[in-house]
Amino acid sequence: MAGRKIRIPEGLEIIPPEFYSRPTEEVAPDLLGAVLLNRVNGKWRGGRIVETEAYLGKDDPASHAARSKTPRNSVMFGPPGRAYVYFIYGNYFCFNAVAHDGISGAVLVRALEPLYDIEGMRAARNRCKDILLCKGPGRLCMALEIEREYNCKELYHSEIIIAADKNWAAPQEIASGERIGIQEGGHLPLRFYIAGNPYVSRTPGKACNLDKT
DNA sequence: CACGCGATTCGCT
DNA sequence: GCGAATCGCGTGT
């Protein structure tokens, strides 16, 4: 055996980097149902992705990559399949998966349904209500202990991984809507979430349905 | 080099 | 429902 194989939970299959080498707005809904895992204290901790947002390149004024490449956003301009983690509001981190078929782009993971090492999440989140453990981009980073040092890490062969769940049927209803908490470019329907899932961070009135079958 | 603010969260009213 | 907390980055002087 050439490279050592990573052991991840039963039924999960690591998503290869090619998956992310497509238009960001296609990768974002396709990540719904996949599982984000982080290795913490020898255990896999994570959950199912139930809400994402696409942030595009120069044509998307809300994206960190809307302007030129800077030290902060440089990962968005790099190879797809890496983590883009940034610090926000002086307190929190947001986790993205770099995804694009051209210059730049990333998918913000906004919420998870907790599945693995929920005890660890509770400890990391100071024992808040379980429903809130990963309900929001800042919260899920706290729960999974994702911090600055994760920026730039590849998501397919290290201690932070996104994997497809072979035993999970794609939901009939994926909803899309406007992205949350942004000013310019807010009209674009680049937010995607599993309709009716209780772990989605917010369910604004303005949303349209898409078929994904 | 200074200044303004953000892909948020939590606690208080 | 609203506002404070908190700081690194990017823009403009």
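On a predicted model such as this, the values are computed, not experimentally measured, just so you know.

**Things to note about the protein's contact with DNA strand B**
Okay, step 1: In the vicinity of DNA strand B, 21 residues are found, and the nearest of them are Tyr-86, Tyr-92, Asn-96, Gly-138 and Arg-139.
Okay, step 2: By atom count, sugar and phosphate contribute 50% of the portion of DNA strand B lying within 4 Å of the protein.
Okay, step 3: Within the side chain of Arg-125, an N or O atom sits 2.9 Å from a phosphate oxygen of DNA strand B.
Okay, step 4: One of the backbone nitrogen or oxygen atoms of Pro-137 is found 3.2 Å away from a phosphate oxygen of DNA strand B.
Okay, step 5: Looking at the surface near DNA strand B, the elements that each hand over two or more residues are strand E4 (83-88), strand E5 (92-98), strand E6 (106-116) and helix H3 (137-144).
Okay, step 6: It is H3 that contributes the most residues to the surface near DNA strand B, four residues altogether.
Okay, step 7: Taken together, the residues of the surface near DNA strand B sort by class into 12 nonpolar, six polar and three charged.

**Looking at the environment of Ile-8**
Okay, step 1: Structurally, Ile-8 is set in the segment before strand E1 (12-14).
Okay, step 2: Judged by relative accessible area, which is 17%, Ile-8 ranks as buried.
Okay, step 3: Taking the C-alpha atoms as reference points, Ile-8 and Ala-163, separated by 155 residues in sequence, lie 8.9 Å from one another.

About the criteria used
- Residues numbered from 1 in each chain as written.
- Chains lettered and ligands numbered in written order.
- Predicted model: local features only at pLDDT ≥ 70, side-chain atom pairs only at ≥ 80, totals over all residues.
- Heavy atoms only, no water.
- Near = heavy atom within 4 Å.
- Polar contact = N/O pair within 3.5 Å; in protein donor to acceptor, adjacent residues only side chain to side chain.
- Helix = DSSP H or I, 4+ residues; strand = E, 2+ residues; numbered from the N terminus.
- Nonpolar A, V, L, I, M, F, W, Y, C, P; charged D, E, K, R; others polar.
- Buried < 20%, exposed > 50% of the residue type's maximum accessible area, 1.4 Å probe, protein only.

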